[in-house]
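Overview (structure and organization)
Chain by chain, the residues run as shown.
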2 protein chains.
Amino acid sequence: MSGALACPVPLGAGDRVLLAHGGGGRLMRDLIEQELLPVLRSPELEPLADGAVLDVPPGRLAFTTDGFVVHPLFFPGGDIGTVAVNGTVNDLAMCGAEPLYLSLGLILEEGLPIADLRRVLASVASAARAAKVRIVTGDTKVVEHGKGDGIFIHTTGIGVVRATAPLGADRVRAGDAVLVSGTIGQHGVAVMAVRDGLAFAKPIASDCAPVADAVLALLAAGVRLHCLRDPTRGGVASTLNEIAAQARLEVEIQEEALPVTPEVAGACEVLGLDPLYVACEGRFLAFVAPEDADRALALLRSRPDGRDAARIAVVKPSGAGLVTLRTRIGGVRVVDLLSGEQLPRIC
Amino acid sequence: MSGALACPVPLGAGDRVLLAHGGGGRLMRDLIEQELLPVLRSPELEPLADGAVLDVPPGRLAFTTDGFVVHPLFFPGGDIGTVAVNGTVNDLAMCGAEPLYLSLGLILEEGLPIADLRRVLASVASAARAAKVRIVTGDTKVVEHGKGDGIFIHTTGIGVVRATAPLGADRVRAGDAVLVSGTIGQHGVAVMAVRDGLAFAKPIASDCAPVADAVLALLAAGVRLHCLRDPTRGGVASTLNEIAAQARLEVEIQEEALPVTPEVAGACEVLGLDPLYVACEGRFLAFVAPEDADRALALLRSRPDGRDAARIAVVKPSGAGLVTLRTRIGGVRVVDLLSGEQLPRIC
């Protein structure tokens, strides 16, 4: 009897991923048809061909990829599926683009509970709906137990560029205001708290969310944006360092302007972290022409996803790529790039 | 002193990847600036922004992603870098598209020798040049030793569709001829031989290569192609099974027409493999309208990359998704989809 005619055996909730689920045979087809397609359903994904054929609106395209190895897979406010969608959607937004399509590449470890895979796929689907993108193509591989860590994901995104002027560190000018779209450090603290088994009176949830709508609103309002960047790995401090170095200008942060919740500030003290270096997954930094800064901030704050937006720094002509912090008591210190990282495998 | 001003310490050949190389700090910047950019250099990659902005020719786009977990990383005829580029380039070609751009996502295991990373990146760069695609965006993550396996790669590709008629299993018709673009089974056998420590008198090299030029030549010649598919995981047998099931038609393979070299046939006997199920990484199957089949085969054979092309099967109206094999002695047997796979982690 043909494999195509065979009735697949449905996977039970107690089942686990087998090496053979990645092998191109019947078990792989069953995994894709039973677990992936029903959840991620899109007209482009359906034919299960080698790729998707897309109608894309005219204009320049943004194209970006990101790998996700966050550990643990699940944390308050999200999971690896949520960050995998929002991380790439937000990178497209940072190019001034409207996100349209995503690809989903999975590397599963043999022995992964099917229930965990289902939960992550459901998060991928719901995050994609919330961010208004479609998963149009994908790939699944399985590696032996002990050669992976549950699930690794790569998402790659395509968007159509809506920004009319180029964005980038090379467009940053002295005098630019630096806005952040919300409170900082929640994502990293949420993941670290689970990893370290810490329980706070009020659990801290990841800030993981799509930021494209907020960026598109700024663009639609004609705000002169010079550079956009989401402060993920390495947090606000590392992101500003990268931009300052490329722009060869100084970025001076006002400590008192940084939006850090008391919960995150407290958790950072317990964990020995500096919130300036802790990853966000639903925030962005915008370098804005000074004359548009107040308007941009008001627009962000008028949105439910931007209530805590703040003007946190200014670009100064002095210095060659320095980031400095003007402290609450008026001192100034250098905010350096860390050598490694405070937090491994945070995204 | 600012991180941006610090002179990076060049990585030595004896060095290894550290967890901190994935952390968004100075070590990660050094890894990218010293190891990745000089090798993969492209104008889009250079700004190290969150994504690339691309000018894409008008028309429909093909978009595809693939994960690569091949073990071992290096084998005769290629390495994980070669397959990562050609695998995705070939998936674009299977959509009838001209490959243009690739993204490169790396998941490195802590402790990976920098020399191995360099060798793989050099292969990525040279395979991309050979396939006429540019690496325009990328991402690097590092996981702890024992949580990965050297290098995992995801590549995602964008191409512009050159086929004027839609391609797919649903376009396959009874009477279609099935062509294969060259000898089968080399890639899988090459990898398995290294893994099992087998030495053959004449080493078998992977067939890993880009097939886009051959496909574009068929399209340019106006050959009526109905479906294209590259027989990677699961080999020719699994690929034909997928298509037969979707088309609800029977595919009858002529055993004597299958291009298998004596070396691969011999190695398959030693390894206990059936070459019909062994992965190729530089071959494609074309379902062609019968009246164009001779011309298509002649065109393929006139090319250096298609000397061994063959007409291996015909589509028959009978059957509901069966693949059958007409043997050398005239018998007919069903060629089923395997449950799992003969060869784990072959790509």
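**Overview of unusual backbone geometry**
Residue and element names in this part refer to chain A.
- Look at the link from His-71 to Pro-72: it is a cis peptide, with omega at 0 degrees.
- Positive phi outside glycine occurs at Arg-345, with the angle close to 50 degrees.
- Topologically, Arg-345 is positioned in the segment after strand S14 (332–334).

**Details of the sheet that holds strand S11 (residues 285–288) of chain A**
All names here are of chain A.
- Strand order in the open sheet formed by seven strands is S9-S11-S8-S12-S10-S13-S14, with mixed pairing between adjacent strands. Of all strands in the sheet, those with a lone pairing partner are strand S9 (225–229) and S14, marking the two edges. With direction set aside, neighbouring strand axes in the sheet form an average angle of 25 degrees.
- Pairing between strand S10 (residues 250–254) and strand S12 (residues 310–316): four bridges, direction antiparallel. Within the sheet, the bridge partner assigned to Glu-252 lies in S12 and is Val-314.

**Thoughts on helix H5 (residues 212–220) of chain A**
Residue and element names in this part refer to chain A.
- If you check which residues of H5 are buried, you get Ala-212, Ala-214, Val-215, Leu-218 and Leu-219. Projected onto a plane normal to the axis of H5, the buried residues spread over an arc of 165 degrees and lie on a single side.
- The elements touched by buried residues of H5 are helix H2 (80–94), strand S5 (97–109), S9 and helix H8 (293–301).
- Of the residues one or two after H5, Gly-222 is the one with positive phi, at around 75 degrees.

**A short note on the pattern of salt bridges**
Residues and elements named next belong to chain B.
- All told, the structure shown has 44 salt bridges over all chains when counted by the stated rule.
- Between Lys-132 and Asp-213 there is a salt bridge, with the nearest N and O atoms lying 2.8 Å from each other. You can see Lys-132 sitting in the loop between helix H3 (114–131) and strand S6 (134–143) and its partner Asp-213 sitting in helix H5 (residues 212–220), a full 81 residues away along the chain.
- Exposure remark for Lys-132: the relative accessible area of 56% places this residue in the exposed category.
- Of the residues examined, Asp-213 reaches a relative accessible area of 35% and is grouped as partly exposed.
- Here Asp-292 makes a salt bridge to Arg-224, at a shortest N to O gap of 2.8 Å.

**So, the packing of aromatic side chains**
- Tallying each qualifying case throughout the model produces one aromatic pair over all chains.
- Note on Phe-152 of chain A and Phe-152 of chain B: the rings are 6.3 Å apart at their centroids and 50 degrees apart in plane angle, and the pair reads as tilted. On the criterion of chain membership, the pair formed by Phe-152 of chain A in strand S7 (residues 151–161) and Phe-152 of chain B in strand S7 (residues 151–161) is interchain, its members lying in two chains.
- For Phe-152 of chain A, a relative accessible area of 1% gives the class buried.
- Residue placement shows Arg-119 of chain A over the ring face of Phe-74 of chain A; its charged tip is 3.7 Å from the ring centre.

**Some thoughts on the pairing of S6 of chain B**
All names here are of chain B.
- Most of S6 sits inside the fold, with eight of its ten residues counted as buried.
- Where strand S5 (residues 97–109) meets S6, nine bridges bridge the pair, whose relative direction is parallel. Residue pairing in the sheet places Tyr-101 in a bridge with Arg-134 of S6.
- On the question of chirality, the crossover connecting S5 to the parallel S6 by way of H3 is right-handed.

**Brief notes about the interface of chain B and chain A**
- Taken together, the contact pairs 82 residues of chain B with 82 residues of chain A.
- Summing the contributions of chain B and of chain A, the shared interface buries around 6,400 Å²; its carbon and sulfur component is 56%.
- The largest per-residue losses of area from chain B upon contact with chain A belong to Asp-50, Phe-63 and Arg-233 of chain B, which jointly make up 13% of the total buried on that side.
- Inspection of the region where chain B meets chain A yields ten salt bridges.
- A salt bridge links Asp-149 of chain B to Lys-147 of chain A; the shortest N-O distance between them is 4.0 Å.
- Counting the contacts that link chain B with chain A gives 26 residue pairs in polar contact (both at pLDDT 80 or more).
- Looking at the side of chain B that touches chain A element by element, the count peaks at eight residues for S6 of chain B.
- The class makeup of the residues in the side of chain B that touches chain A is 39 nonpolar, 25 polar and 18 charged.
- Relative to strand S2 (residues 61–68) of chain B, strand S1 (residues 52–54) of chain A runs antiparallel, the two sharing three bridges. For Leu-54 of chain A, the partnering residue across the bridge sits in S2 of chain B and is Leu-61 of chain B.

**Remarks on the relation of the copies chain B and chain A**
- When chain B is fitted to chain A, the best match, at an RMSD of 0.0 Å, comes from turning it 180 degrees and sliding it 0.0 Å along the axis. These values place the two chain copies in the arrangement generated by a two-fold rotation axis. It is Gly-148 of chain B whose C-alpha, among those of chain B, lies nearest the rotation axis, at 2.2 Å.
- Mapped onto chain A, 100% of the interface residues of chain B are again interface residues, and the two copies thus contact each other with one and the same surface.

**Observations concerning the sheet that holds strand S6 (residues 134–143) of chain A**
- If you trace the five strands from one edge of the open sheet to the other, you get S6(A)-S5(A)-S7(A)-S2(A)-S1(B), paired in mixed fashion. Across the chains shown, the open sheet's two edge strands, defined by having one partner strand only, are S6 of chain A together with strand S1 (52–54) of chain B. For this sheet the average axis-to-axis angle between neighbouring strands, irrespective of direction, equals 20 degrees.
- Lying over the sheet, H2 of chain A contacts strand S2 (61–68), S5 and S7 of chain A, oriented at roughly 150 degrees with respect to S2 of chain A.

**Looking at the packing of H5 of chain B against helix H8 (residues 293–301) of chain B**
Residue and element names in this part refer to chain B.
- Packing of H5 against H8 brings their axes to within 10 Å, and their N-to-C directions diverge by 140 degrees. The angle between H5 and H8 places the two elements in the oblique class. Once H5 is placed against H8, the crossing between them reads as right-handed. Along the contact surface, H5 presents Ala-214, Ala-217 and Leu-218, while H8 presents Ala-296, Leu-299 and Leu-300.
- Classifying every residue of the contact of H5 with H8 by side-chain character gives six nonpolar, no polar and no charged.

**Remarks on the confidence of the model for chain A**
Residues and elements named next belong to chain A.
- In this model, chain A carries an average pLDDT of 92, and 95% of its residues clear a pLDDT of 70 or more.
- Across residues 1–8, where pLDDT falls below 50, the model places 17 contacts with residues more than four positions away in sequence or in other chains.
- For this predicted complex, the interface confidence score (ipTM) comes to 0.93, while the overall pTM stands at 0.94.

Cut-off values and rules
- Residues numbered from 1 in each chain as written.
- Chains lettered and ligands numbered in written order.
- Predicted model: local features only at pLDDT ≥ 70, side-chain atom pairs only at ≥ 80, totals over all residues.
- Heavy atoms only, no water.
- Helix = DSSP H or I, 4+ residues; strand = E, 2+ residues; numbered from the N terminus.
- Pairing = 2+ DSSP bridges.
- Axes fitted to C-alpha atoms, helices over the stretch in contact; angles between N-to-C directions.
- Buried < 20%, exposed > 50% of the residue type's maximum accessible area, 1.4 Å probe, protein only.
- Arc of directions from axis to C-beta.
- Contact = heavy atoms within 4.5 Å.
- Salt bridge = Lys/Arg side-chain N within 4 Å of Asp/Glu carboxyl O.
- Phe/Tyr/Trp six-rings, centres within 6.5 Å; stacked < 30°, edge-to-face > 60°.
- Lys NZ or Arg CZ within 6 Å of the ring centre and 35° of its normal.
- Right-handed = clockwise from strand over helix to strand, strands pointing away.
- Buried area = accessible area lost by both parts, 1.4 Å probe.
- Polar contact = N/O pair within 3.5 Å; in protein donor to acceptor, adjacent residues only side chain to side chain.
- Nonpolar A, V, L, I, M, F, W, Y, C, P; charged D, E, K, R; others polar.
- Least-squares fit on C-alpha atoms with pLDDT ≥ 70 in both.
- Parallel < 35°, antiparallel > 145°, perpendicular 65-115°, else oblique.
- Left-handed = near helix turned anticlockwise from the far one by under 90°.
- pLDDT = per-residue confidence, 0-100.

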